[in-house]
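In case you want the letters, here they are:
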Amino acid sequence: MEMDTITAISTPMGEGAIGIVRISGEEALTIADRLYRGKMQLKEADSHTINYGHILDPDSGLVVEEVMVSVLKKPKTYTKENMVEINCHGGLTSVNRVLQLILNQGARLAEPGEFTKRAFLNGRIDLSQAEAVMDLIQAKTDRAMNVAMKQVEGKLSKRIQILRQTLLETVANVEVNIDYPEYDADEMTLELLKEKSAQVQNEIGRLLRTAEQGKILRDGLATVIIGRPNVGKSSLLNSLVHENKAIVTDVPGTTRDVIEEYVNIRGIPLKLLDTAGIRDTEDVVERLGVQRSRQLMIDAELILFVVDYNEELTNADVELFNLVKDQDTIVIVNKRDLDEKINMDEVKALAGEHPILTTSLVMDEGVDELEEAIRDLFFQGDLDSGDLSYVSNARHIALLHQADQAITEALTAVDDGMPVDMVQIDITKAWELLGEVIGDSVHESLIDQLFAQFCLGK
Ligand SMILES: Nc1nc2c(c(=O)[nH]1)N(C=O)[C@@H](CNc1ccc(C(=O)N[C@@H](CCC(=O)O)C(=O)O)cc1)CN2
Ligand SMILES: Nc1nc2c(ncn2[C@@H]2O[C@H](COP(=O)(O)OP(=O)(O)OP(=O)(O)O)[C@@H](O)[C@H]2O)c(=O)[nH]1
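Residues numbered from 1 in each chain as written. Chains lettered and ligands numbered in written order. Predicted model: local features only at pLDDT ≥ 70, side-chain atom pairs only at ≥ 80, totals over all residues. Heavy atoms only, no water.

A few points about the sheet that holds strand β5 (residues 63–72)
Our working rule: At least two bridges found by DSSP between two strands is the condition for calling them paired. Comment: elements are numbered from the N terminus, with helices defined as DSSP H or I runs of at least four residues and strands as E runs of at least two. Whether two residues are in contact is decided by their heavy atoms, any of which lying within 4.5 Å being enough. Note on geometry: axes are lines fitted to C-alpha atoms, helical ones only across the stretch in contact, with angles between N-to-C directions running from 0 to 180 degrees.
Across the sheet, 7 strands lie side by side as β3-β4-β5-β6-β2-β1-β7; this open sheet has mixed pairing. The two strands at the open ends of the sheet, each matched to only one other strand, are β3 (36–38) and β7 (108–109). Pairing between strand β1 (residues 6–9) and β7: 2 bridges, direction parallel. Bridge pairing in β7 links Ile6 to Arg108. Running at roughly 140° to β1, helix α3 (residues 114–121) makes contact with β1, β2 (18–24), β6 (83–89) and β7 of the sheet.

Next comes the structure, spelled out in structure tokens:
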């Protein structure tokens with residue numbers, strides 16, 4: 001199938017040192033050559049070279065831009081098609097004028113993610129790798145980036161392929177049994193089927209156990225700081241943010257009263273969620289009646305609950321804690337530089353199984369310990385184990401669960417003495433579901449929808 005030639009600006013919109021306009025498709029070099037003037041025509045240039053020259057407006061003959069042009073000839077390119085990348089002087093006008101000239105020559109404006117979509121459709125990468133390209137762009141910490149990079153390189157794909165191969169062999173074996181029932185290999189077939197299925201389920205289980213951690217690395221750990229007025233919530237937020245250089249984003253769609261700040265806590269992106277309702281308040285418990293704040297707290301994956309070392313535990317503390325005691329909560333007893341007026345035994349009784357830390361945020365004491373406690377709560381020290389094949393994508397997680405379920409159904413069918421071709425149907429279903437992770441037999445509309453979330457020009 002021949003695809004048309006597409007083009008887009010691949011660098012961020014705004015003033016910058018260099019802006020890149022990308023072209024991909026059969027006509028990429030031909031189109032670029034109609035606009036480019038240099039030592040030689042681009043189609044004569046060797047692949048993977050960069051060439052100095054100028055872009056001219058073919059109508060007026062006037063020089064529009066001074067450029068460096070990368071020539072990338074198929075099939076060894078990002079999209080597996082002919083590609084040209086025109087490096088312009090950065091700035092909105094410059095790249096837009098060059099883009100316009102390319103469009104005038106018959107290229108079509110690319111849709112978001114269309115270059116990567118072509119890399120997928122042309123078979124250079126599978127769907128899970130394409131999705132990881134997206135994760136790579138959005139990674140908030142080095143560690144999240146390492147995980148995404150492994151997936152771009154195909155580490156998850158390889159594991160999925162091995163699982164599918166095992167299932168395929170199992171199905172083939174069952175088929176022999178259906179085709180030659182007189183062969184009487186029944187017992188053996190079922191034994192083998194059970195063994196192989198268990199093997200596949202083990203590996204799926206292992207992958208799913210990495211999922212929670214993978215999701216945290218990818219999306220950040222949704223965290224809310226709560227506590228009575230004046231206990232030191234803002235100070236805690238500031239300590240975490242200043243030591244770790246926050247990336248601040250407003251949550252789209254929520255009239256900008258939820259603020260997200262990403263801080264890197266030992267490789268974990270902590271997504272600190274903040275609303276007016278949670279922090280700037282006279283009576284916290286009352287204000288938490290505000291639906292949005294309460295929801296934020298309920299949805300949080302980590303609660304940092306702050307109390308004052310220098311004051312007795314109050315009813316408000318207890319009530320507030322009771323709202324979150326079933327969640328992952330760390331109790332922070334702040335202002336330890338002042339006199340001990342709180343009863344630590346009461347704090348311990350209240351906290352139960354939850355970790356307790358004492359801090360002095362004005363003296364900058366205890367923040368390291370807090371960061372360690374956060375990491376231990378979610379990663380028990382295995383963040384450095386080197387196994388970076390985390391599953392982090394919600395779509396992949398759902399498919400793995402379904403595949404696991406299908407195999408369980410196959411095994412139940414075996415135990416119930418169902419005919420072997422019934423068992424085969426379940427195993428085949430598991431094989432198909434795993435295939436969807438890497439984009440095998442997925443619906444076109446799903447593919448469109450996934451790539452539509454990409455950046456323009458990627
Ligand atoms: N200028 C520029 N920078 C970029 C990209 C790009 O497309 N253009 N990339 C993307 O956005 C990323 C690099 N990713 C790439 C991945 C594969 C291939 C590629 O051509 N693969 C060929 C093998 C090439 C070779 O071995 O020489 C292949 O797999 O067949 C290129 C870029 C990041 N930086
Ligand atoms: N001595 C001492 N004072 C602290 C410590 N941490 C915070 N404070 C002080 O306590 C006061 C309240 O701190 P904030 O961080 O604003 O407390 P908050 O919980 O955000 O307060 P509200 O926004 O009113 O809910 C400030 O004057 C801080 O300087 C600490 O560890 N020791």
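Quick word on the nonpolar core
Filter applied, for reference: Nonpolar cores were defined as sets of buried Ala, Val, Leu, Ile, Met, Phe, Trp, Tyr and Cys residues, with membership established by side-chain atoms within 4.5 Å. Burial classification: accessible surface area is computed with a 1.4 Å probe over protein chains only, and a residue below 20% of its type maximum counts as buried, one above 50% as exposed, and the rest as partly exposed.
Formed by 32 residues in total, the largest nonpolar core has its most connected members in Ile160, Leu167, Ile204, Leu400, Ile407, Val423 and Leu434. The dominant element in this core, judged by the number of residues it contributes, is helix α15 (residues 394–415), at 10 residues. Apart from residues lying up to four places away in sequence, Val423 is in contact with Leu193, Ala410, Ala413, Val414 and Met418. By size, the runner-up hydrophobic cluster in this structure holds 30 residues, among which are Leu270, Leu304, Ile330 and Ala373.

Overview of the site of ligand 1
Put simply, the test is: Definition of nearness: a residue and a molecule or strand are near each other if at least one heavy atom of the residue lies within 4 Å of the molecule or strand. Pairs of N or O atoms within 3.5 Å make up the polar contacts considered here, provided that, within protein, one atom can donate a hydrogen while the other can accept it, and that residues adjacent in sequence are counted only when both atoms are side-chain atoms. Three residue categories are used. Nonpolar comprises Ala, Val, Leu, Ile, Met, Phe, Trp, Tyr, Cys and Pro, charged comprises Asp, Glu, Lys and Arg, and polar comprises the others, including Gly.
Ligand 1 sits among Arg22, His48, Lys76, Thr77, Tyr78, Glu85, Arg124 and Lys458. At a separation of 2.4 Å, an oxygen atom of ligand 1 approaches a polar side-chain atom of Arg22. When its residues are assigned to classes, the shell around ligand 1 shows 1 nonpolar, 2 polar and 5 charged.

Examining the side chain of His396
As for its placement among the helices and strands, His396 is situated in helix α15. His396 sits in the buried class, given a relative accessible area of 0%. Not counting residues up to four positions away in its chain, the partners in contact with His396 are Ser128, Glu131, Gln151, Leu156, Val391 and Val437.

Points about the packing of aromatic side chains
For any pair of aromatic rings, the description rests on two quantities: the centre-to-centre distance and the angle between the ring planes. Stated precisely, the cut-off is as follows: Stacked, tilted and edge-to-face pairs are distinguished by plane angle, under 30 degrees for stacked and over 60 for edge-to-face with tilted covering the rest, among Phe, Tyr and Trp rings (Trp via its six-membered ring) whose centres lie within 6.5 Å. For a ring to carry a charge above it, either NZ of a lysine or CZ of an arginine must fall within 6 Å of the ring centroid while also lying within 35 degrees of the normal to the ring plane.
According to the stated counting rule, one finds 3 aromatic pairs in the structure shown. On the numbers, 5.4 Å between centres and 40° between planes, the contact of Phe451 with Phe454 is tilted. With respect to burial, Phe451 and Phe454 carry one shared label: buried. Sitting above the plane of the Phe115 ring, Arg22 keeps its charged end 4.8 Å from the centroid.

Points about unusual backbone geometry
The omega angle of the peptide bond from Lys74 to Pro75 is 5°, so this bond is cis rather than trans. Summarising the element assignment, Pro75 is placed in the loop between β5 and β6. Its identity is not glycine, yet Lys80 carries a phi of approximately 70°, on the positive side. Relative to the elements of secondary structure, Lys80 occurs in the loop between β5 and β6. Residue Lys80 is classed as partly exposed on the basis of its relative accessible area of 33%. If you check the backbone angles, Ser441 has positive phi at about 55° while not being a glycine. Within the secondary structure, Ser441 is located in the loop between α16 (420–437) and α17 (444–452).

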